[in-house]
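Coordinates in review
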Amino acid sequence: MIPFEYKQAEDEHTAVATVTGNSRAAFLGGGTNLVDHMKLGIAAPELLVDVTRLPLDRIECLPDGGLRVGAAVRNSDLAADSAVRERYPVLTQALLAGASGQLRNLATTGGNLLQRTRCVYFQDTTTPCNKREPGQGCSALEGHTRYHAVLGASKHCVAVHPSDMAVALAALDALVHVQGPDGGRAIPATELHRLPGEHPEWDTVLRHGELITAVELPPLPFATRSRYRKARDRASFAFALVSVAAALDVTDGIVRGARIAFGGLAHKPWRARLAEQALLGRPATDDEFRASAEAELADAQPLPGNEFKLPMARNMLVATLRELSGDDAP
Ligand SMILES: Cc1cc2nc3c(=O)[nH]c(=O)nc-3n(C[C@H](O)[C@H](O)[C@H](O)COP(=O)(O)OP(=O)(O)OC[C@H]3O[C@@H](n4cnc5c(N)ncnc54)[C@H](O)[C@@H]3O)c2cc1C
Ligand code: SF4
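For the structure given in this document, a descriptive report is provided here. Computed from a prediction, not measured in an experiment: that's the story for all the values here.

Another aspect to go through is the site of ligand 2. Taken together, the neighbourhood of ligand 2 is formed by 14 residues, with C119, C129, C138, C157 and V158 sitting nearest. Judged by its atoms lying within 2 Å of the grid points, ligand 2 is housed in the largest cavity. Of the residues belonging to the shell around ligand 2, the class tally is nine nonpolar, four polar and one charged.

Here the focus is helix 5 (residues 89–96). Across the eight residues of helix 5, six count as buried, placing the element largely inside the fold. For helix 5, the full list of buried residues reads P89, V90, L91, T92, A94 and L95.

Here we come to the pattern of salt bridges. Counted under the stated rule, the structure contains 17 salt bridges. Across the pair R24 and E46 runs a salt bridge whose closest N-O atoms are separated by 3.5 Å. In this pair, R24 sits in the loop between helix 1 (12–20) and strand 2 (25–28) while E46 sits in the loop between helix 2 (34–40) and strand 3 (47–50), placing the two residues 22 residues apart along the sequence. R24 gets classed as partly exposed once you look at its relative accessible area, which sits at 41%. Looking at E46, the relative accessible area reads 36%, which means it is partly exposed. Put simply, E276 and R271 hold a salt bridge, and the shortest N to O gap is 2.7 Å. We note that E276, like R271, is buried. Here the salt bridges share partners, and the residues they tie into one network are D173, R259, R271 and E276.

With that out of the way, let us pick up the nonpolar core. Of all hydrophobic cores here, the largest spans 40 residues; its most connected members are L78, L91, L113, L169, L172, V176 and L217. With seven residues, the top contributor of residues to this core is helix 9 (residues 164–171). Setting aside its immediate chain neighbours within four residues, L91 contacts L78, V84, M165, A168, L169, L172 and L217. By size, the runner-up hydrophobic cluster in this structure holds 27 residues, among which are A272, L279, L297 and V318.

Cut-offs and rules
- Residues numbered from 1 in each chain as written.
- Chains lettered and ligands numbered in written order.
- Predicted model: local features only at pLDDT ≥ 70, side-chain atom pairs only at ≥ 80, totals over all residues.
- Heavy atoms only, no water.
- Near = heavy atom within 4 Å.
- 1 Å grid on protein atoms, 1.4 Å probe; cavity = no way out; pocket = protein on both sides within 12 Å on 5 of 7 lines; lining within 4 Å.
- Sits in = over half its atoms within 2 Å of the grid points.
- Nonpolar A, V, L, I, M, F, W, Y, C, P; charged D, E, K, R; others polar.
- Buried < 20%, exposed > 50% of the residue type's maximum accessible area, 1.4 Å probe, protein only.
- Helix = DSSP H or I, 4+ residues; strand = E, 2+ residues; numbered from the N terminus.
- Salt bridge = Lys/Arg side-chain N within 4 Å of Asp/Glu carboxyl O.
- Core = buried A, V, L, I, M, F, W, Y, C linked by side-chain atoms within 4.5 Å.
- Contact = heavy atoms within 4.5 Å.

None of the figures reported here should be taken as evidence of function without further support.
Listed below in structure tokens is the structure:
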């Protein structure tokens, strides 16, 4: 590993100023992604500013019924929080579907959102990759594409976003609060991550030096009936082939509200607004659930190795909505 300097952040403003003032500085959360990348030679920051001891480790109930989650809250603590379990079970399930217990004890809310793709070519510095080094080309296009994107990809990159938690946050319309050199702003979780387009090297809309301080979950009464499902190659320590986060409001057999997002399909958590629209006011039946999935996936462009993701996504969505519309739904 290349030598680097380590500092513990004293307060938010100093942390932001320190990273902003050095183009080779980075914030450090639990380190479970960044330190791996430093070992692999993918990242070489000369200064790490550790933000885990800032007072950003609380989960607060908001007066409107929502929750505010500090960016340094550990994934295990967020999954176990009683208000999250009761009001947003989809978030607890997404967190518990990710990584391992030991990793979740270290990983933070901010760091989980900003973890980088698990594309094997991105992680192998001997192969060309436009995300690591713009202009090099994309090894995945001629390679192993089982894990890659079927929606929203570009000719420059077909990687998928790996976070399970981020998929649940996209479905819940969470807001990501950030503090930067010019003040604070709030970014909808659905807009934090980018599609690759011409610039796959930019994963998010954040500018260098912007610190995630909190994630806000707005109230969503029907999220008490929500579910995260994940299909993967192994039962643990595996990223999603396809995942779905959904919350459903059904009254008298008719869908009154739906929130759906997919993981494993795109460069960002994929909020399925077409599927949601197709469901509203419709009977809660398998045929309608299937039609909503088809509406969302109509423009998908699978690669030779990942056509299976389309029936997998459709079937997972149908099964999840069926479960949520049943009388014994969670
Ligand atoms: C074997 C293994 C299996 C895994 N399986 C899964 C899985 O199935 N699903 C899943 O979702 N994840 C999985 N993970 C990934 C794991 O969830 C992430 O590594 C972790 O969430 C990253 O959080 P962190 O706090 O350690 O981030 P760090 O490694 O500390 O940071 C990651 C990035 O975020 C930046 N950062 C950190 N905090 C902030 C902040 N507050 N503001 C701005 N920038 C910040 C850092 O600069 C860095 O760029 C797995 C990891 C491993 C090693
Ligand atoms: S898919 Fe993206 S991350 Fe993977 S090799 Fe191609 S450019 Fe790199």
